[in-house]
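Residue-level listing of the chains:
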Amino acid sequence: MKKKKVGIFVCILMISVIIYPSLKSETMEDQFSGKTSYEKFYKSNQINKIVPLGNWLDETYVVSTESDNFSYTPVLVADHDRNVHIAWTESTLVGQWYVLYKCLPKDATWDDNPWDDYPTELVSTESDPSAGPANPTMVVDESGTVHIAWKDGTDINSEDDGHWDIFYRQKSTGGNWTDNDYEQVSVETDEESCNYPTMVVDSEGTIHVVWISNDNSANGEMHYNYKPLGGDWTHTELIGSSSIDHDEPDLAIDESDNLHLVFTTQAFGGGTKQVYYRNRPYAGTWSSATKVSEASNDDSINPKLALSTDDPPTVHVTWQENYGLYHDEIFYRECEPVWNPTELVTDLSEACELPSIAVRPMLLSNHRVMIAFSHNVDPYDSEWHIQYMYKNVGDTWPTTYTTISDDATEFATSPDLCSERYYYSYRTHCAWSDTTPYSGSGPYNDIVYKRTSPLVAITVIRPDSLIGWAMAIENPQEMLLENLPWWMDIHCKWLFIGQRHAEGVIDQLRPDETKVITHSKFFGFGPAKIFGQVDEAIIKANAFIIGPFVFIQKNQQ
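Residues numbered from 1 in each chain as written. Predicted model: local features only at pLDDT ≥ 70, side-chain atom pairs only at ≥ 80, totals over all residues. Heavy atoms only, no water.

Enquirer: Please set out the pairing of strand β15 (residues 245–253) residue by residue, giving values where relevant.
Expert: Most of β15 sits out of view: nine of its nine residues are buried. Of the pairings in the sheet, the one linking β15 to strand β16 (residues 259–266) comprises seven bridges and is antiparallel in character. Across the sheet, the residue bridging to Ala252 is His260, located in β16. Connecting β15 to the next strand, β16, in antiparallel fashion are five residues, including Asp257 with a positive phi near 70°. (Buried < 20%, exposed > 50% of the residue type's maximum accessible area, 1.4 Å probe, protein only. Helix = DSSP H or I, 4+ residues; strand = E, 2+ residues; numbered from the N terminus. Pairing = 2+ DSSP bridges.)

Enquirer: Account for the nonpolar core, with residues named and values stated.
Expert: Most often, soluble globular proteins have nonpolar side chains that are buried together. Ranked by internal contacts, the top residues of the largest apolar core, which has 30 residues, are Val456, Trp469 and Ile490. Taken together, the elements giving at least two residues each to this core come down to β30 (457–461), β31 (469–474), β32 (481–492), β34 (501–509), β36 (522–534), β37 (537–547) and β38 (549–552). With six residues, the top contributor of residues to this core is β32. (Core = buried A, V, L, I, M, F, W, Y, C linked by side-chain atoms within 4.5 Å.)

Enquirer: Can you explain a nonpolar patch on the surface? Please cite residues and give values.
Expert: The grouping of Trp494, Leu495 and Ile497 at the surface amounts to a nonpolar patch, some 340 Å² of accessible area in total. Tracing the backbone shows Trp494 in the loop between β32 and β33 (495–498). Of the residues examined, Trp494 reaches a relative accessible area of 56% and is grouped as exposed. (Patch = residues over 30% accessible without salt bridge, like charges linked within 9 Å, V, L, I, M, F, W, Y side chains within 5 Å. Areas by Shrake-Rupley, 256 points an atom, 1.4 Å probe, with all protein chains shown as cover. Salt bridge = Lys/Arg side-chain N within 4 Å of Asp/Glu carboxyl O.)

Enquirer: Lay out a negative patch on the surface in plain terms, naming residues and giving numbers.
Expert: Together, Glu66, Asp111, Asp112, Asp116 and Asp117 line one region of the surface with negative charge. Secondary-structure assignment places Glu66 in the loop between β2 (61–62) and β3 (70–78). (Lys, Arg positive; Asp, Glu negative; His and termini not counted. Charge placed at Lys NZ, Arg CZ, Asp CG, Glu CD.)

Enquirer: Explain the pairing of β32 to me, using residue names and the numbers behind them.
Expert: Looking at chain direction, β32 and β34 are connected through eight bridges and run antiparallel. For Asp489, the partnering residue across the bridge sits in β34 and is His501. In terms of strand pairing, β32 meets β36 through seven bridges, oriented antiparallel. If you follow His491 over to β36, its bridge partner there is Lys529.

Enquirer: Describe the pattern of salt bridges, listing the residues and the values that go with them.
Expert: This model, assessed by the stated rule, comprises seven salt bridges. Lys391 serves as the salt-bridge partner of Glu343, at 3.0 Å between the closest nitrogen and oxygen. A residue pair is termed long-range when its members are at least 10 positions apart, and Glu343 in strand β22 (residues 343–344) and Lys391 in strand β25 (residues 383–392) qualify at 48 residues. One salt bridge connects Asp406 with Lys450, and the closest N-O pair in it is separated by 2.9 Å. Here Asp406, found in the loop between β26 (402–403) and β27 (412–419), pairs with Lys450, found in strand β29 (residues 446–451); they are 44 residues apart in sequence, far enough to count as distant. The exposure class of Asp406 is partly exposed, given its relative accessible area of 45%.

Have a look at this one:
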């Protein structure tokens, strides 16, 4: 028996020795003369390569998986640890309203709909559903604590005034929502109805909120309040004149904790709505208002704001306004530090509305500006899609767009766009409300979600030594990637000795750079499967092992 085992081993070894030089000869063809040894192997030994990244994934995932009612106004945040958070409004046919929340952890499994595996949480637990809790705004701080504020007509304070107030709750990482007592943000505005909250958190944990209030007989007033870490909401400030109608605020905060705000106003006595901008330096006072939509003779509405990571940041603003034949288009303007001319983003001859904007850093201190919006692609059948456009700062807007909601068939609206910009993760995420009856969803509006593909591209190659298997990790991004986790697995059906799994971290990967990682600490014989992952890029293939050599079947993703 011992001689038989030795004979099998010798046969395997002889086959390996015979195959080795033939493989080596095949991969050193003269057509690669003049190139480095690595380039020769890389060019000739590519076996499997994933789709280039940066594209939107094909699958649209339903977030509101437990809903059979109307879901609206999603707000989307990707936190520093790569978890994705979504809050939204839900209503029923009989006028019951709720504020809901869901989180997708960074280690979620993507074989099917990952949102199915995580529960929907009711934020407005103490609210009267008939009192209209709605319009959530959300931020996640550096500790992972989730903060949500929303409008709510519930008589929390036994005032029975019939007005909406702005309420707030928070949830720590791995914890529960704060106790039953809501915190009222809109203190000192008890005689008015409050709406349109927008919120940010600074590096010290202070929460900042801006909202609109009115008493149904006067113009909308704009208020601001903040809550220090461990403190209370006691700093209400009127930041918009009561003689001018204010509406639709959107708040952002930069790396130095300065606040930036856009909103619309309509002067008393009539006139069109226009977009304005203000800022508040850290621990300072609010600046005077600057008109952003200066070239408009029609209503400019639904403004959204995003900031670059520069110091001072570039301010990016988008909005919609009437253009041409009675339809709205999307406009854009930036300030660096003076306001550049207004730019027309879309010229599509059909209605474009409800833009959302996000900014991600690029190489050499440049930035990419991304805008998503709802587009009436078929006015006769009322078919709407979510479109996506981007440009690098200094470039012009393209004439084409990408349809994110490419499998929608009905009404896709209210997109919210965000981009991870911390550490090495720079994926882009989008959520929106959609009446399309996706698999597992009901006949009403659902909240759906899509994201871009992974950061890196992986190619399976034969290693330089021809022993084991290797993957080449390519960075096609325009920025440095850091701290990229990787792992490699091999599973052999018949005979296997050694290490099945290897893992580690790539410290840095420069733009257009490719690094090769080899897994070779094993010996086996028989059919096998190999798996590799870097960040969230995954590749797998069928293979056959003869001793230390791995022969990989092509075109197996």
